[in-house]
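A look at the structure
Now for the letters of each chain:
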Amino acid sequence: SLEMADNHVAFVERVLIDTPDYFRQYKHGRAPRLMVIDIEQFTTGNGFPTEKDPLIAIGWAVDDKEPEAVLGNGKSDRDILEKFLGAIEREDPDVLVGYNITGYDLPMILKRLKQNALDARRLARGNRTPQEEDDEITLEGRLVYDVFQSVKLDQTLHGIKDLKLKTVGEWM
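Residues numbered from 1 in each chain as written. Predicted model: local features only at pLDDT ≥ 70, side-chain atom pairs only at ≥ 80, totals over all residues. Heavy atoms only, no water.

What follows is about the pattern of salt bridges. Under the definition given, this model contains 11 salt bridges. Notably, a salt bridge pairs Arg122 with Glu89, separated by 2.8 Å at the nearest N-O pair. Here Arg122 is found in the loop between helix H4 (101–115) and strand S5 (131–133), whereas its partner Glu89 is found in helix H3 (residues 78–91), with 33 residues between them in sequence. We classify Arg122 as partly exposed; its relative accessible area is 23%. The network of salt bridges with common partners includes Lys65, Glu68, Arg90 and Glu91. (Salt bridge = Lys/Arg side-chain N within 4 Å of Asp/Glu carboxyl O. Helix = DSSP H or I, 4+ residues; strand = E, 2+ residues; numbered from the N terminus. Buried < 20%, exposed > 50% of the residue type's maximum accessible area, 1.4 Å probe, protein only.)

In structure tokens, the structure reads:
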């Protein structure tokens, strides 16, 4: 029934369906500023990188602006982390978006910030340390939207061989 279907629609999506102008009521008088991010990481061993392996690239795009990226040297990622934190502070996004951002990108950024003795509170607004719980990361004053979490729930992808970004993109 329709009632049951409504119960399975995520709250944010329900708000967008029922009151599409809701998110325009920000005190900033503007639509939310989105920052899409992605990281690449060097691995010294066989297999998946660990928190000890430095980031070699961080890329981001804010709204319709040109994408930006900073590249590391494979030995130290302190410089690119500083530049990324500077971009977060300069652009001041309302929403951080990524594919598996809560399962990989942000947790790894947080670990690398700690490894480099950099202040993770710079990722958020306010002075709270980011919180990690399961597949969720809370940044004070910002929303974190992981596209991968939505893809995992998307029943139109039934039968797809895997949920890698490239495969999902080709499927769409």
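Continuing now.
All right, on to the pairing of strand S2 (residues 55–62) then. Among the eight residues of S2, six are classified as buried, and the element is accordingly described as predominantly covered. By the bridge criterion, seven bridges tie strand S1 (residues 34–41) to S2 in an arrangement that is antiparallel. Bridging across to S2, Asp38 finds its partner in Gly59. Alignment of S2 against strand S3 (residues 68–71), held across four bridges, turns out to be antiparallel. Within S3, the residue paired with Gly59 across the bridge is Ala69. The hairpin formed by S2 and S3 contains five residues between the paired strands, and Asp63 there has a positive phi angle of roughly 45°. (Pairing = 2+ DSSP bridges.)

Judged by nonpolar contacts, the single largest core of 28 residues is most densely connected at Met35, Ile58, Trp60, Phe84, Ile109, Leu113 and Leu123. Looking at this core, the elements that each hand over two or more residues are S1, S2, H3 and H4. The element contributing the most residues to this core is H4, with seven residues. The residues touching Ile109, leaving out its near neighbours within four places in the chain, are Ile37, Ile39, Leu55, Leu81, Phe84 and Leu123. (Core = buried A, V, L, I, M, F, W, Y, C linked by side-chain atoms within 4.5 Å. Contact = heavy atoms within 4.5 Å.)

This part takes up the sheet that holds S3. Taken together, five strands build an open sheet; the order of strands is S3-S2-S1-S4-S7 and the sheet is mixed. Looking along the sheet, the strands with just one partner apiece sit at the ends: S3 and strand S7 (143–146). Direction aside, neighbouring strands of the sheet carry axes that sit 20° apart on average. Where S1 meets strand S4 (residues 95–98), three bridges bridge the pair, whose relative direction is parallel. By the bridge assignment, Leu34 is partnered in S4 with Val95. Strands S1, S2, S3 and S4 of the sheet are contacted by H3, whose axis makes an angle of about 15° with S2. Set on the sheet, H4 makes contact with S1, S2, S4 and S7; between it and S1 the angle comes to about 70°. (Axes fitted to C-alpha atoms, helices over the stretch in contact; angles between N-to-C directions.)

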